[in-house]
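# Structure assessment
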Amino acid sequence: MENQIDTQMEQRKGRRLVLFPLPFQGHINPMLLLATILHSKGFSITIIHTNFNSLNPSNFPNFTFHSIPDGILESEASSKDVIALAKLLNTKCVEPFRDCMVKLLSDVSEEPISCLISDAFFYFTQAVADSLRLPRVVLRTGGLSSFVVFAAFPLLRERGYLPIHDSQLEEPVAELPPLKVKDLPVMDNVDPDLFNEIVDGMVNESKASSGIIWNSFEELEQSELDTLRQEFPNPIFPIGPFHKYYLASSSSSLLAQDQSSISWLDKQAPKSVIYASFGSLAALSEAQFLEIAWGLANSNQPFLWVVRSGLVRGSEWLEPLPSGFLETLNGRAHIIKWAPQLEVLAHPAVAAFWTHSGWNSTLESICEGVPMICMPCFTDQKVNAKYVSQVWKVGLQLENGSDRLEIERCIRRLMVEKEGEEIRDRISKLKDKAKFCLQQGGSSLQNLDSLVSHISKLES
Ligand code: UDP
C-alpha cells in the first residue's frame with residue numbers, strides 16, 4: 001500500500017500546477033494553503049500573482065513565483081470599492097496573465113503543466129485557459145451556501161427579489177430558506193450592473209471549468225453540495241478546512257501579525273475574552289465604530305479588538321475614541337492593528353468571536369469551537385451570518401447593525417445565559433465534525449484523493 005502511494009507521488013513529481021490567487025487576504029490565504037496541500041501530494045507548484053498586494057516568495061521556498069504587471073494605479077488600489085477593483089483586475093490582467101502563461105507553457109526546462117487553478121473571481125482566466133488548451137480548475141474561497149445563492153441570481157432577478165427594495169427586506173426568499181431578502185449577498189453603494197456582471201462571471205466561468213474546489217467540508221454544507229452537484233456538470237471537491245491539514249505552512253499574511261495579542265491573552269482567565277475582528281476589507285463609519293467600542297466596554301468582559309488602519313472611514317486608526325477610553329478599562333482591553341487570528345482563536349482564553357462573517361473567519365471559528373457574534377457587512381458575509389445563527393445555530397446575529405445596547409445584550413446572551421451554553425455545545429460538536437473529515441477515511445481526505453486523481457488525468 002505504502003509502495004503504491006510512493007509510486008503515485010513519484011509520478012506526480014513530473015507534473016506542475018499553476019495557481020493564481022485573487023490579491024485579497026481572504027483569497028490569498030486559502031490559495032496558498034491549497035498550494036501547500038497539493039505540494040504535499042507530489043505536485044510542483046507555480047504561483048502567478050499580481051503586483052498589487054504582491055506576495056513574499058521567501059516565505060514559500062518550495063514554490064516558484066511569477067509576478068505580473070497588473071497596471072492597477074495607486075488610486076485604484078486604495079479605493080474602497082472592491083467590486084470596481086475586481087472588474088479592473090479582470091480587465092487589466094488579461095494580457096500580462098496570458099503572456100506569463102504562454103512563457104510558462106513553452107518553458108521546456110520545467111515540468112509539464114497539468115492545469116491552472118485560479119480563484120473563481122478571476123473569471124477571465126477561463127477564456128485564456130481555453131485559448132491555450134489548458135484545463136482550468138477553480139478555487140472558490142467562500143462557502144457552498146453563498147455560492148448556491150450567487151448561482152440563483154438570474155432567478156432572483158426574474159422573480160423580483162433583486163435589485164433589493166427597502167420595503168421587501170423582511171420578506172422571506174421562498175426559494176432559498178431560511179434567507180430573507182435582507183440576507184441576499186449584495187453590496188450597498190456599488191454599481192448594481194457591475195456587481196451582477198462580476199457575480200455572473202464568477203458563477204458561469206466556474207461552471208465552465210474542469211472542477212471546483214471548496215474550502216469547506218461535506219458535513220457542514222451537505223444539502224448545498226447536493227444542490228450544486230445536481231445543477232453543475234463539473235466535479236465539486238469540498239476538501240476543507242485547509243488550515244487544519246497541519247502541514248508545515250508559512251504565513252501568507254499581507255500585514256504584520258501583532259504577537260502581543262498572545263502574551264495579553266496568556267494573562268486572561270480561561271474562556272473570558274471576546275475577540276473582535278472584521279477582516280481585511282470591511283469599513284465602518286465613525287458612529288458604528290463608537291457604538292462597537294461602547295458595546296465592548298459596557299459588556300464588562302475583557303476584549304481583544306483588531307482595528308485595522310483604515311477600518312474607520314476617514315480616520316487613520318483610533319482617533320475617534322474618546323480620550324481616556326482605554327485607560328478607564330484598566331487593562332481589560334487590548335487593541336491591535338492585525339492579529340495572528342488562527343492562534344488567537346485557538347487560545348484557551350477566547351470565549352467568543354465577534355466577526356464580520358467572512359468565510360475564512362467563520363470556518364476558523366468553527367474549527368476552534370468558538371461561538372460567534374455576527375455582524376455581516378456585505379456580499380457572502382450576510383449568507384454566512386444567517387447560516388451561523390439560524391442553520392448551524394452556533395452564534396448570534398446582531399440585527400440592528402451596531403447599537404451599543406444590542407451589542408451588550410448579545411454578549412450577555414452568549415457569555416452568561418443558557419442560550420450561550422447551548423450554542424457552545426453545538427459548536428463544539430461541529431468542531432468535532434471538522435476534525436473527523438480530515439482523519440483517515442474522512443470526507444475531505446476522500447475528496448482530496450478524488451481531486452488529485454482528477455487533476456492527474458487532466459491533459460493540456
Ligand atoms: N486575519 C488575520 N488577522 C486579523 C484578521 C484576519 O490573520 O487580524 C485573517 C483571518 O485568519 C482570515 C483572513 O484574514 O484567514 C480574513 O478572511 P475572511 O474571509 O474572514 O475575511 P475578508 O478579509 O476576506 O473579509
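Each remark here, short or long, concerns the structure printed above.
The present account deals with the structure reproduced in this document. Everything numeric here is computed off the predicted structure, so don't read it as measured data.

## Structural notes on the overall build of the protein
When its secondary structure is counted, the protein shows 18 helices and 13 strands. Expected size for 460 residues packed as a compact globule is a radius of gyration near 23 Å; at 22 Å, the protein falls within 12% of this value. With the C-alpha coordinates aligned to their principal axes, the bounding extent of the protein is approximately 65 × 50 × 40 Å. Residues classed as buried in the protein amount to 57% of the 460 residues present. Here the contacts in the protein between residues at least 6 apart in sequence split such that 71% fall between residues at least 24 apart. Per element, the accessible surface of the protein, about 19,400 Å² overall, is 50% carbon and sulfur. Side-chain charges in the protein split into 41 positive and 55 negative, and the spacing between the mean points of these groups amounts to 4 Å.

## Let's talk about helix α14 (residues 359-368)
Along α14, 10 of the 10 residues are buried, which leaves the element largely enclosed by surrounding structure. Residues of α14 that are buried include every one of Trp359, Asn360, Ser361, Thr362, Leu363, Glu364, Ser365, Ile366, Cys367 and Glu368, and no others. Those residues of α14 hidden inside the fold are in contact with α2 (25-40), α13 (341-346), β11 (350-355), β12 (372-374), α15 (380-391) and α17 (418-436). Glycine 369 occupies a position one or two residues after α14 and carries a positive phi of about 65°.

## What about the site of the ligand?
By nearness alone, 18 residues border the ligand, and Ser280, Ala339, Asn360, Ser361 and Glu364 come closest of all. Between the ligand and the protein, one listed contact pairs an oxygen atom with a side-chain N or O atom of glutamine 341 at 3.4 Å. For the ligand, an oxygen atom lies 2.5 Å from a polar atom in the side chain of serine 361. Relative to its unbound accessible area of 540 Å², the ligand is 95% covered by the protein chains. When contributions to the shell around the ligand are tallied by element, the ones reaching two or more residues are α2, β8 (273-277) and α14. Here the shell around the ligand takes four residues from α14, the largest share from any one element. Across the shell around the ligand, the residue classes tally to five nonpolar, 12 polar and one charged.

Basis of the calculations
- Sequence order as written defines the numbering, with residues in each chain counted from 1.
- For a predicted model such as this one, the threshold for reporting local features is a pLDDT of at least 70, and the threshold for listing and counting side-chain atom pairs is 80 or more; totals across whole chains, interfaces and linings nevertheless cover every residue.
- With hydrogens and water set aside, each side-chain value is computed from the structure's full complement of heavy atoms.
- Helix and strand definitions follow DSSP, with helices as H or I runs of at least four residues and strands as E runs of at least two, each counted in order from the N terminus.
- The globule rule used here is 2.2 Å times the number of residues to the 0.38 power, and the radius of gyration it is set against is calculated over C-alpha atoms.
- Under the scheme applied here, a residue whose accessible area is under 20% of the maximum for its type counts as buried, over 50% as exposed, and between as partly exposed, the area being computed with a 1.4 Å probe on protein chains only.
- For this analysis, residues touch if any pair of their heavy atoms sits within 4.5 Å.
- Computed with a 1.4 Å probe, the accessible areas rest on the Shrake-Rupley method; for each residue, only the protein chains presented here act as cover.
- Positive charges come from Lys and Arg alone, negative charges from Asp and Glu alone, with His and the N- and C-terminal ends not counted.
- Where a charge sits is defined by one atom per residue type, namely NZ (Lys), CZ (Arg), CG (Asp) or CD (Glu).
- Any residue with a heavy atom positioned within 4 Å of a molecule or strand is treated as near that molecule or strand.
- Polar contact is the term for a pair of N or O atoms within 3.5 Å; when the atoms are in protein, one must be able to donate a hydrogen and the other to accept it, and sequence-neighboring residues count only if both atoms are side-chain atoms.
- As a working rule, the residues Ala, Val, Leu, Ile, Met, Phe, Trp, Tyr, Cys and Pro are called nonpolar, Asp, Glu, Lys and Arg charged, and the rest polar, with Gly in that last group.

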